[in-house]
Amino acid sequence: MERRRSRLIFWVVLLLIFGCGGEKESSSKAGAVDFVSSEFTPSNPRTTDPITIDPALISGEKVELKWMINGVLQGVEKAELSPQYFVKRDTVMCVVLVNGKEEKKVGPVVIANTKPEIVWVRVEPSEPHHGDELSLEGDVRDPDENDDISFIADWFINGKLAFSGERLSGDKIKAGDEIYVEVEPFDGDERGVKVGTAKISVQNSIPGILVGSLQTKERVVYYEIEITDPDGDNVDLTLEQSPPGMRLEGNSLIWETPEIDKDTSFLVNIKARDERGGESSNSFSLDLKKGEMQ
């Protein structure tokens, strides 16, 4: 009899212990708010990134989201904030309310810069000559519309770095040079991806001919001829048209005039040809007066 009473007391105590514990655990869960995740994605958003939040709560709770930009409440209650609501350097925060009561503030986070991107870029002029200044033309995509985009450029001549800057002086190039540029867009904060232009070739510049004034000594006339070639090429001169007996000696045009019985004019045409095949010519009229050539 005494043994049965002891067993009965044991089971009663055991039931009381587990019963009380179960009630305590249940009551603790009833008022809990369990945030599985409540951080921004991405954690460092740029101007093109939608910002999302996942305040996963236990079922049955009423959850509200209040988005704020620079302290101003936005009319968005979804779990995603579109990039149309913010720009670079804006401060974004989200307030999570459960059953009308503020439970958590997520953020703030400052919207980061978006790197610019080159759509296309080329060198102008596309067929330059010595003396022509070279520049870059192109189109850049940049979501931060107020950014002032510039090009950071490295100019390569015949495969070697020759200059860094947006423009290349024309005195640095000559006929036959091959040029390309490596370009990075820069928005004042960050550089975008480097892009290389197509290669262009510097064109040959034709030589120039400058004929000096007529000089005479007795019955000999001569002209000094000045040849210019922007590329520094060797230049050959030929007489394409001239009176009989006229000749070239170096850069001098010489003629021993015959006796004339009346005023006479002769057409003279000189051609210059450089070593790359570039040609130019100069024509002029040689007028002789009878009285001057006796």
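Residues numbered from 1 in each chain as written. Predicted model: local features only at pLDDT ≥ 70, side-chain atom pairs only at ≥ 80, totals over all residues. Heavy atoms only, no water.

Draft legend 1. Molecular detail of the overall build of the chain. Within the chain, the secondary structure is distributed over one helix and 21 strands. Per-residue burial for the chain yields a buried fraction of 31% across its 294 residues. Residue pairs at least 24 apart in sequence account for 57% of intrachain contacts in the chain once pairs closer than 6 positions are excluded. Per element, the accessible surface of the chain, about 18,200 Å² overall, is 48% carbon and sulfur. (Helix = DSSP H or I, 4+ residues; strand = E, 2+ residues; numbered from the N terminus. Buried < 20%, exposed > 50% of the residue type's maximum accessible area, 1.4 Å probe, protein only. Contact = heavy atoms within 4.5 Å. Areas by Shrake-Rupley, 256 points an atom, 1.4 Å probe, with all protein chains shown as cover.)

Draft legend 2. Layout of the side chain of aspartate 231. Mapped onto the elements, aspartate 231 comes out in the loop between β16 (220-228) and β17 (235-241). Buried and unpaired, aspartate 231 has arginine 276 as its nearest opposite-charge partner, separated by 4.8 Å. A distance of 2.9 Å separates a polar atom in the side chain of aspartate 231 from the backbone nitrogen of serine 205. (Lys, Arg positive; Asp, Glu negative; His and termini not counted. Salt bridge = Lys/Arg side-chain N within 4 Å of Asp/Glu carboxyl O. Polar contact = N/O pair within 3.5 Å; in protein donor to acceptor, adjacent residues only side chain to side chain.)

Draft legend 3. Quick look at the packing of aromatic side chains. Tallied over the full model, the rule gives four aromatic pairs. With centroids separated by 5.0 Å and ring planes inclined at 80 degrees, the aromatic side chains of tryptophan 255 and phenylalanine 266 adopt a geometry described as edge-to-face. Of this pair, tryptophan 255 sits in strand β19 (residues 252-256) while phenylalanine 266 sits in strand β20 (residues 264-274), placing them eleven residues apart in sequence. (Phe/Tyr/Trp six-rings, centres within 6.5 Å; stacked < 30°, edge-to-face > 60°.)

Draft legend 4. Region of interest: the sheet that holds β20. If you walk across this open sheet you meet the three strands as β17-β20-β21, and the pairing is antiparallel. One side of each edge strand has no neighbouring strand; the edge strands of this open sheet are β17 and β21 (279-288). Sheet twist, expressed as the mean angle between neighbouring strand axes with direction ignored, is 25 degrees. Where β17 meets β20, six bridges bridge the pair, whose relative direction is antiparallel. Looking at the pairing, leucine 237 lines up with alanine 272 of β20. (Pairing = 2+ DSSP bridges. Axes fitted to C-alpha atoms, helices over the stretch in contact; angles between N-to-C directions.)

Draft legend 5. Quick peek at the sheet that holds strand β2 (residues 63-69). Strand order in this open sheet of four strands is β3-β2-β5-β6, and the pairing throughout is antiparallel. The open sheet terminates on both sides in strands that have one partner only, identified here as β3 (72-73) and β6 (101-110). Here strand β5 (residues 91-98) pairs with β6 via seven bridges, running antiparallel. Each residue of the ladder has a partner; that of threonine 91, found in β6, is valine 110.

Draft legend 6. Seen up close, the pattern of salt bridges. All told, the structure shown has 17 salt bridges when counted by the stated rule. With a shortest N-O distance of 3.0 Å, arginine 191 and glutamate 184 are connected by a salt bridge. Here glutamate 279 makes a salt bridge to arginine 273, at a shortest N to O gap of 2.5 Å. A relative accessible area of 41% places arginine 273 in the partly exposed class. It is possible to trace a salt-bridge network through shared partners that takes in Glu240, Lys271, Arg273 and Glu279.

Draft legend 7. Here's a closer look at the nonpolar core. Judged by nonpolar contacts, the single largest core of 16 residues is most densely connected at Leu136, Trp155 and Ile179. Elements represented by at least two residues in this core include exactly β7 (117-124), β9 (150-157) and β11 (178-186). (Core = buried A, V, L, I, M, F, W, Y, C linked by side-chain atoms within 4.5 Å.)

Draft legend 8. Region of interest: the environment of lysine 290. With respect to the helices and strands, the residue lysine 290 is situated in the segment after β21. Residue classification places lysine 290 among the partly exposed positions, given a relative accessible area of 39%. Apart from the residues within four sequence positions on either side, lysine 290 is in contact with Ile260, Asp261, Lys262 and Asp263.

Draft legend 9. Highlighting the environment of aspartate 231. The exposure class of aspartate 231 is buried, given its relative accessible area of 10%. Residues aspartate 231 and histidine 130, spaced 101 residues apart in sequence, show a C-alpha to C-alpha distance of 6.6 Å. Excluding residues within four positions of it along the chain, aspartate 231 makes contact with His130, Lys174, Ala175, Gln203, Asn204 and Ser205.

Draft legend 10. Summary view of unusual backbone geometry. The omega torsion across threonine 41 and proline 42 is 0 degrees, close enough to zero to call that bond cis. Within the secondary structure, proline 42 is located in the loop between α1 (2-30) and β1 (51-52). In this structure, the amide linkage connecting glutamate 124 to the following residue, proline 125, adopts the cis form with an omega of -5 degrees. Among the secondary structure elements, proline 125 is positioned in the loop between β7 and β8 (135-141). At arginine 89, a residue that is not glycine, the phi angle is positive and equals roughly 75 degrees. Tracing the chain through its elements places arginine 89 in the loop between β4 (80-81) and β5.

Draft legend 11. Layout of the pairing of β2. Looking at chain direction, β2 and β5 are connected through seven bridges and run antiparallel. Across the sheet, the residue bridging to glutamate 64 is leucine 97, located in β5. From the end of β2 to the start of β3, which pair antiparallel, there are two residues, and asparagine 70 there has a positive phi angle of about 55 degrees.

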